[in-house]
Amino acid sequence: MSVPKEPDDTLTIGDVVRRTGVAASALHYYEQLGLIAAHRSAGNQRRYPRHMIRRISLILVAKRLGIGLADVREVFATLPMETVPTVRDWQRVSRRWHTRLEDRKREIEQLERELTGCIGCGCLSMTVCQLLNPEDELGAQGPGPRRLGLSADRRVRQRRELDVLQ
């Protein structure tokens, strides 16, 4: 007969690896990033609170969806680390994820419109294409390289010097 597990029970790193499928080195890395936390036993071994399993599972889902660990850290920042998060805590995180995913969806839709327009155009012109060359401030001056950061007076002086050399 097994003993019921309490939320305050801790897990060894081996237990967490078996339960999540995440390598121990990845767990260490997540810990360094502040995504999960462990404490040390009297024998200096890592012990993970049982509620870290849910955090690790969400990290895996985020990675599968292409969400970076920096974004995960930002969303997790509102979750308590030392205590079991409440339903209200998880609802708050869920709303933040929803907002981020909606923003991402709009960005992808905009990229799709731009890419479809670019493919349909077929120009692939570095002087005209806003997808290949967005916010081209120097394109109006014509083709070729430009030296950035020069004042208008200095450009005039340099042109004169070049004319003298020719």
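Residues numbered from 1 in each chain as written. Predicted model: local features only at pLDDT ≥ 70, side-chain atom pairs only at ≥ 80, totals over all residues. Heavy atoms only, no water.

**Regarding the overall build of the chain**
Operational definition: Strands here are runs of E lasting at least two residues and helices are runs of H or I lasting at least four, both read from the DSSP assignment and numbered beginning at the N terminus. Any two residues whose heavy atoms approach within 4.5 Å at even a single point are treated as in contact. Computed by Shrake-Rupley with a 1.4 Å probe, the accessible areas treat only the displayed protein chains as cover when residues are assessed.
When helices and strands are tallied, the chain shows six helices and three strands. The linear arrangement of helices and strands in the chain, starting from the amino end, is β-α-α-β-β-α-α-α-α. Across the chain, every contact between residues at least 6 apart in sequence was considered, and the portion connecting residues at least 24 apart equals 49%. In the structure as shown, the chain presents an accessible area of about 12,200 Å², 54% of it carried by carbon and sulfur atoms.

**Let's talk about the packing of helix α3 (residues 52-64) against helix α4 (residues 69-76)**
Threshold: Axis lines are fitted through C-alpha atoms, for helices just across the contact stretch, and the angle between N-to-C directions can take any value from 0 to 180 degrees. To sort the angles, those under 35 degrees are grouped as roughly parallel, those over 145 as roughly antiparallel, those from 65 to 115 as roughly perpendicular, and the leftovers as oblique. Less than a right angle of anticlockwise turn of the near helix away from the far helix marks a crossing as left-handed, whereas a clockwise turn marks it as right-handed. Residues were grouped as follows: Ala, Val, Leu, Ile, Met, Phe, Trp, Tyr, Cys and Pro as nonpolar; Asp, Glu, Lys and Arg as charged; and all remaining residues, including Gly, as polar.
Here α3 crosses α4 at 140°, and the two axes come no closer than 10 Å. On the basis of the axis angle, α3 is oblique to α4. Along this stretch, α3 crosses α4, giving a crossing that reads as right-handed. Residue-level contacts link R55, L58, I59, A62 and K63 of α3 to L69, V72 and F76 of α4. Tallied by class, the residues present in the contact of α3 with α4 amount to six nonpolar, no polar and two charged.

**Here's the deal with α3**
Put simply, the test is: To estimate how far a helix should reach, multiply one less than its number of residues by 1.5 Å. Whether a residue is buried, partly exposed or exposed follows from its accessible area with a 1.4 Å probe, protein chains only, as a fraction of its type maximum: under 20%, in between, or over 50%, in that order.
Taking 1.5 Å of rise per residue, the 13 residues of α3 would be expected to cover 18 Å, and the 19 Å separating its terminal C-alpha atoms lies within 8% of that figure. When we look at burial in α3, the residues that qualify are M52, I53, R55, I56, I59 and A62. G66 sits one or two residues past α3 and shows a positive phi near 80°.

**Focus: the packing of aromatic side chains**
Each aromatic ring pair is described using two quantities: the centre-to-centre distance and the angle formed by the ring planes. Which entries qualify depends on this criterion: Stacked, tilted and edge-to-face pairs are distinguished by plane angle, under 30 degrees for stacked and over 60 for edge-to-face with tilted covering the rest, among Phe, Tyr and Trp rings (Trp via its six-membered ring) whose centres lie within 6.5 Å. A positively charged side chain is recorded as over a ring if its NZ (Lys) or CZ (Arg) lies within 6 Å of the ring centre. The angle to the ring normal must also be within 35 degrees.
Per the counting criterion, the structure on display carries zero aromatic pairs. Directly above the aromatic system of W90 lies the positively charged group of R54, at a separation of 4.3 Å from the ring centroid.

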